[in-house]
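So you can see what is in the structure, the chains are spelled out below.
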Amino acid sequence: MRQALGLAGRAEAAGEVPVGAVVVKNNACIAEGWNQTIANRDPSAHAEIMALRAAADRLRNHRLPGATLYVTLEPCAMCAGAVVQARIGRLVYATADPKAGAAGSVFNILQCEQLNHRVELTAGVLAQEAATLLQGFFKERR
């Protein structure tokens, strides 16, 4: 999660919402991502999506079973859907998103029984550090 927080700082330095993500498989970091929606002019360029794309490219497979995704903010519905499609085994996130979170706060796409894959969830890892980073970013914007 510390690495994901560093990537969130990279997003912030670029004027993006400070969210970072890391994909780990077999105890090794295989990919990383940070928010790049503004820079890429791409509404889907969230940290999770960028990390999943990089991991799939590296493993040459759109499925990532057994991988863990670490992200500094609870995923939105789009990102949660991508996590399910990638067959990520576990998601670890830092701070909850009470307005758009799709890992339990607003929706729980990752553990929806109607879907063909469910993801193990761990929430609250370094939550205060991630929340402080996000709060500081938005305070500056206001």
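Residues numbered from 1 in each chain as written. Predicted model: local features only at pLDDT ≥ 70, side-chain atom pairs only at ≥ 80, totals over all residues. Heavy atoms only, no water.

Another aspect to go through is the side chain of Gln36. With respect to the helices and strands, the residue Gln36 is situated in the loop between strand 2 (28-34) and helix 2 (37-40). Residue classification places Gln36 among the buried residues on the basis of a relative accessible area of 16%. Residue contacts for Gln36: discarding those within four places in its chain leaves Glu16, Arg41, Ala45 and Met50. (Helix = DSSP H or I, 4+ residues; strand = E, 2+ residues; numbered from the N terminus. Buried < 20%, exposed > 50% of the residue type's maximum accessible area, 1.4 Å probe, protein only. Contact = heavy atoms within 4.5 Å.)

What follows is about the pattern of salt bridges. Tallied over the entire structure, the rule returns three salt bridges. Close ionic contact of Asp42 with Arg53 constitutes a salt bridge, the shortest N to O distance being 3.8 Å. A residue pair is termed long-range when its members are at least 10 positions apart, and Asp42 in the loop between helix 2 and helix 3 (47-59) and Arg53 in helix 3 qualify at 11 residues. Using a relative accessible area of 21% as the deciding quantity, one classes Asp42 as partly exposed. A salt bridge links Glu120 to Arg90, with the nearest nitrogen and oxygen atoms 3.7 Å apart. Of this pair, Glu120 sits in strand 5 (residues 120-123) while Arg90 sits in strand 4 (residues 90-95), and the two are 30 residues apart along the sequence. Among the residues examined, Glu120 registers a relative accessible area of 46% and is labelled partly exposed. Take Arg90: its relative accessible area is 26%, and that puts it in the partly exposed class. (Salt bridge = Lys/Arg side-chain N within 4 Å of Asp/Glu carboxyl O.)

Attention now goes to unusual backbone geometry. Phi at Asn26 is positive, roughly 55°, even though this residue is not glycine. By the element assignment, Asn26 lies in the loop between strand 1 (20-25) and strand 2. Look at Asn27: it is not a glycine, yet its phi comes out positive at around 65°. Note on placement: Asn27 falls in the loop between strand 1 and strand 2.

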